[in-house]
Amino acid sequence: MFRFANPHLLWLLVAVPVMIIVFAILIRLRKRTLRRFGNIATVETLLRDVSSWRVYIKFNLLMLAYMALVFAAARPQFGVKLREEKSEGVEMMFVVDVSNSMLAEDTKPSRMARTRYAIGQLTRHLTNDHVGIVAFADDVEVLLPITSDYKMAESKLRSLSPALIANQGTDIGEALEVSLLSFSNQSRNARNRVIILITDGEAHDSKALEVAERAKEEGVVICCIGIGTPEGTTLKIDGQMIEDEDGKMVVTKLNEQLLMDIASATGGVYMRSTNANFGLEEVISELDEMESAKLTHRNFEEYDEEYMWFLGVALLLLIIEGLVLGRRNPLLRGVSLFEREKTNK
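Rules used throughout
- Residues numbered from 1 in each chain as written.
- Predicted model: local features only at pLDDT ≥ 70, side-chain atom pairs only at ≥ 80, totals over all residues.
- Heavy atoms only, no water.
- Helix = DSSP H or I, 4+ residues; strand = E, 2+ residues; numbered from the N terminus.
- Buried < 20%, exposed > 50% of the residue type's maximum accessible area, 1.4 Å probe, protein only.
- Lys, Arg positive; Asp, Glu negative; His and termini not counted.
- Salt bridge = Lys/Arg side-chain N within 4 Å of Asp/Glu carboxyl O.
- Contact = heavy atoms within 4.5 Å.
- Core = buried A, V, L, I, M, F, W, Y, C linked by side-chain atoms within 4.5 Å.

Visitor: Quick question: what am I supposed to make of the side chain of arginine 114 here?
Guide: Structurally, arginine 114 is set in helix α4 (residues 111–123). Despite its burial, arginine 114 pairs with no opposite charge, the nearest such side chain being glutamate 281 at 9.2 Å. Residues in contact with arginine 114, not counting those within four places in the same chain, are Thr107, Lys108, Ile227, Thr274, Asn275, Ala276, Asn277 and Phe278.

Visitor: Any chance you could explain the pattern of salt bridges here in plain terms?
Guide: Counted according to the given criterion, the structure contains nine salt bridges. Residue arginine 111 pairs with aspartate 200 through a salt bridge whose shortest N-O separation is 3.0 Å. In this pair, arginine 111 sits in helix α4 while aspartate 200 sits in the loop between β6 (193–199) and α7 (207–217), placing the two residues 89 residues apart along the sequence. Like aspartate 200, arginine 111 is buried. Here glutamate 174 and lysine 207 are joined by a salt bridge, their closest N and O atoms 2.7 Å apart. Note that glutamate 174 is positioned in helix α6 (residues 172–181) and lysine 207 in helix α7, a separation of 33 residues in sequence. The class of glutamate 174 is partly exposed, set by a relative accessible area of 27%. Look at lysine 207 and you get partly exposed, because its relative accessible area is 27%.

Visitor: Teacher, can you tell me more about the nonpolar core here?
Guide: Nonpolar side chains tend toward joint burial in soluble globular proteins. In this structure, Met92, Phe94, Val98, Leu160, Ile196, Ile198 and Leu280 are the most contacted members of the largest nonpolar core, which totals 33 residues. At the level of elements, β3 (91–97), α4, β4 (130–136), β5 (140–147), α5 (150–157), β6, β7 (220–227) and α9 (280–286) are the ones that each hand at least two residues to this core. Those residues in contact with methionine 92 that lie beyond four places of it in its chain are Leu126, Asp129, His130, Val131, Gly132, Ile146, Val194, Ile196 and Ile284. With 27 residues, the next largest nonpolar core counts Met93, Ile172, Ile222 and Leu259 among its residues.

Honestly, it's all geometry; don't read function into it.
Structure follows, in structure tokens:
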């Protein structure tokens, strides 16, 4: 890939044709002046030390040097350099429930909005750790594979909503299974992987505990944050109360027991989120002693600078231009390399 770091400076090349036109006008004026003294060829023979072709050479050298300097100032860059940096950190996969029950407002302004805000605040303070995001309802979607790009993580967080997944439900087991497969290969043998499950826990599948046992065998810790209240609240979507098949108001409650069992199975922690404290900071503090692993950061932002080549060419041209004199050297006046030797017939 080729680019200029300062492409706006290329507009300076517009001066090249302007200077050529000015030079041509000056040459024409010179010839007009010489005509006043007689035939141009005759007058030029009287100006033996003046060399018209050297004027052209010096001008062309200056123009080429100017163009090379403009290209150097524009900083041509070629290719993309892949730079890898290694650091010690933890891989965190945020597994977020985006089912309709996350729209409940027992946690202000809503369970979903509170979750987006809390994870966003955490990612702004991360440095060496890698993060990923998995959204789930009845289906599962990997929004962000494990990465150190926190700005991308913040962008993906803003898209978390029930609109992401058409099939509603809460399949925690499937979400955990997909998350286990989403960690990077470089951390497979290290105990530096954690799944942070954020949900109201309204699920009744035994698969969740089975996957938790498998996570323990693979060295993955699952921490759970229960969002909502055990008492529950009625569910509203777009300002309208949701009713079940019997016409009763749908009440969504926090199922803490399932979340505590999942966390306990892997040696993780469980926290209940409240309006005053979401619980993420407590979870992270519990993980501070977790073994860190060597993680690789890949940066694609560096280019190979090529301006020095143009700078070198410009310097060489200016040196040559300085060595080419506008007049013949008086010491070499009798030497002619281009005239044929006169012979007497």
